[in-house]
Amino acid sequence: TKETAYDYVVVGGGTSGLVVAKRLSEDLSVSVLVIEAGDSVFNNVNVTNPNGYGLAFGTEIDYAYQTVNQTYGGGLIQTMRAGKALGGTSTINGMAYTRAEISQIDAWEQVGNDGWNWDSLFPYYLKSEHFQVPDEERTVAAHLPFDKELHGLNGPLKTGWNYEQTNSSLTSTINSTFKAIGVPYNPDVNGGNMVGFSLYPFTTDSTLHVREDAARAYYFPYQNQTNLKVLLNTKANKITWSQNSKQNAATAEGVEITSSDGTTSVVKANKEVILSAGSLASPLLLELSGIGNPAVLSKYDIETVVDLPTVGENLQDQMNNGLSFNAANGFSLADKTSYIAYPSVSHIYGNETLLVAENIKASLPEYAAQVAAVNGNVTRASDLLEFFQMQWDLIFTSQVPIAEVLVYIVNGVWTTEYWALLPFARGSIHIGSDSTANAVINPNYFMLDWDLQEQAQTARFIRKMYATAPLAGMVLDETRPGLDTVSAAADDAEWAAWLKSAYRSNFHPVGTAAMMPKEKGGVVDANLKVYGTSNVRVIDASVMPFQVCGHLVSTLYAIAERAADLIKKSA
Ligand code: FDA
């Protein structure tokens, strides 16, 4: 017999959704349902293999969403990957565990989200984490950088280093090279100060040698709890609304779902509906439920329940490019570690930094006007200017990192993937039909001058790194892009031609149901409740108001942990 009413209905059993569901179900008197479109991937080797990054791409557990042609980004269509599985995108991601800068989490409160700052979020990073402390011998041999005080030891999510990293051979070489170009060693990237060279931990089970995803951390150990139920292979279509909605606030009655057998039904939510379908799905579900821009909704005959035009706006992602060099004499080809550096604007621009800072500052009003014009002034230039000034401050005053540079050897080739961390571009995602299919996704890659400059200057910085000893002695010629394609003295225009033909999504989309005051274009308030509703929240990457410098999951686990406490408090 099918139970049809639960206290909380969580849409999306992914990275964030499973945290919320597990924590809410700790109160055994509360019933929680998770609706997940994908299946269990507990035994899927494309998921479990801790060195299997990329194996799941293009398989049935990868949504592989397609963007529209990128007007500023070479006219290309980009693939934005996301996991369709219990555990969500944490089952297919690169497993990097790096948090954010103190000042950029503090910016969330500055913009008007009371209670969201580094000091209030930090305990939740620790609450979610089970840091597997490597033994001393390995720590010393591999120079593993960590400060135990900055890690949680008792949370559900296992983090640590994988076997290959604890056998790394190139740490000193790469550290010395970065030092020679001004980038210091960072003894732990996860304490809110990210600038420097480091070796980051992974979401990994160091004992079993399997990927640690959200389902392994937050669901499987608790799956026998009778008050926590998961419906797999089940798609949420939309929120259904109660006829007795409170005045001025729409009240969700439940969620319409389509089961694996094709039947459609409604599961009721006695207390709340929580959307955790990810930043490329939650805003679509809001629109399909009648929350959004009436001009978008009316195209598909969807009645407006809450007029909230910024649903799906503020989409922020990064562009990923790569440079490669042949290795000298097969040097250190056995090394299987990825090394990272987070340089600041001063590292990348050197003596030019002040000039660049002035130029960009003078450009901010124009950037804000451009973004507003492109989305038909749905987000206002005056609000965007405020956000851009905050971002300028992070880059040039706080000097947070402006690029992630990832170095590793693959098939005998030194490879460097990198992405400028803080482009100013904003895009959008909206429904393109009366279902989640055919969404119109537009990140506006390379939209603004800075976005291109930052990406080009980081490429020059990487060339400089490979030309600096001791690394310089281990590499031969540049194979990608190669000096025939982009000359040694290339200006931004020459770099642009190649960058825009060879980039991909960095798979870090955020902001599509942004947590901000309503008058600044927010979709959810500081309790992550959707404006104009009494019992609908969004808890996933959609709510992050601004991009962060770290990879996303560590911060998403922390947000979801804190959100669960906010819900418990309000109940
Ligand atoms: P998430 O995508 O995890 O969960 C959403 C869930 O909702 C999914 O399970 C989905 O199936 C489900 N769903 C969607 N629509 C539904 C519907 N209509 N009905 C029912 N269910 C529905 N981050 C990091 O920290 N380190 C890294 O190394 C990387 N690397 C990386 C690589 C790649 C290839 C990608 C794509 C992403 C990364 N990331 C990353 C980013 C990170 O993994 C990502 O931002 C988070 O996992 C997103 O978590 P969410 O909770 O927002 O959504």
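Residues numbered from 1 in each chain as written. Predicted model: local features only at pLDDT ≥ 70, side-chain atom pairs only at ≥ 80, totals over all residues. Heavy atoms only, no water.

Engineer: Looking at this structure, I do not really get the overall build of the chain. What am I missing?
Structural biologist: Along its length, the chain carries 15 helices and 24 strands. Here the C-alpha atoms of the chain give a radius of gyration of 23 Å, agreeing with the 25 Å that 2.2 N^0.38 yields for 571 residues. The dimensions of the chain, computed from C-alpha atoms along their principal axes, are 70 × 55 × 40 Å. Out of the 571 residues in the chain, the part that is buried amounts to 61%. In the chain, the proportion of contacts linking residues at least 24 apart, taken out of those at least 6 apart, comes to 74%. Total accessible area on the chain stands at roughly 20600 Å², and carbon and sulfur atoms take up 49% of it. Within the chain, one finds 37 positive and 58 negative side-chain charges whose respective centroids are separated by 5 Å. (Helix = DSSP H or I, 4+ residues; strand = E, 2+ residues; numbered from the N terminus. Rg over C-alpha atoms; globule rule 2.2 N^0.38 Å. Buried < 20%, exposed > 50% of the residue type's maximum accessible area, 1.4 Å probe, protein only. Contact = heavy atoms within 4.5 Å. Areas by Shrake-Rupley, 256 points an atom, 1.4 Å probe, with all protein chains shown as cover. Lys, Arg positive; Asp, Glu negative; His and termini not counted. Charge placed at Lys NZ, Arg CZ, Asp CG, Glu CD.)

Engineer: In this structure, what is going on with the pairing of strand β6 (residues 157-160)? I would like to understand it.
Structural biologist: When a strand is regular, its side chains alternate between the sheet's two faces. The pairing of strand β5 (residues 129-131) with β6 spans three bridges and is classified as parallel. Following the sheet pairing, His 130 is matched in β6 by Lys 158. Pairing of β6 with strand β8 (residues 202-205), which is carried by two bridges, proceeds in the antiparallel orientation. Its bridge partner lying in β8, Gly 160 is registered against Phe 202. (Pairing = 2+ DSSP bridges.)

Engineer: Teacher, can you tell me more about the packing of helix α1 (residues 15-24) against helix α15 (residues 553-570) here?
Structural biologist: For any two helices packed against each other, one specifies the inter-axial angle together with the distance between the axes. Contact pair α1 / α15: the axes reach a minimum separation of 9 Å and the direction vectors enclose 35 degrees. As α1 packs across α15, the resulting crossing turns out to be right-handed. In this structure, α1 contributes Thr 15, Ser 16, Val 19, Val 20, Arg 23 and Leu 24 to the contact, and α15 contributes Val 553, Leu 556, Tyr 557, Ala 560, Glu 561, Ala 564, Ile 567 and Lys 568. Of the residues in the contact of α1 with α15, the class split is nine nonpolar, two polar and three charged. (Axes fitted to C-alpha atoms, helices over the stretch in contact; angles between N-to-C directions. Left-handed = near helix turned anticlockwise from the far one by under 90°. Nonpolar A, V, L, I, M, F, W, Y, C, P; charged D, E, K, R; others polar.)

Engineer: Looking at this structure, I do not really get the environment of Ala 469. What am I missing?
Structural biologist: With respect to the helices and strands, the residue Ala 469 is situated in the loop between α13 (449-466) and β22 (475-480). Along the sequence, Ala 469 and Arg 23 sit 446 residues apart, while their C-alpha atoms lie 50 Å from each other.

Engineer: What exactly am I supposed to notice about the pairing of strand β10 (residues 228-231) here?
Structural biologist: Where burial is concerned, the two faces of β10 differ: the one with Leu 228 and Val 230 is buried and the one with Lys 229 and Leu 231 is not. Here strand β2 (residues 32-35) runs beside β10; their pairing, made up of four bridges, is parallel. Paired with Val 32 across the bridge in β10 is Leu 228.

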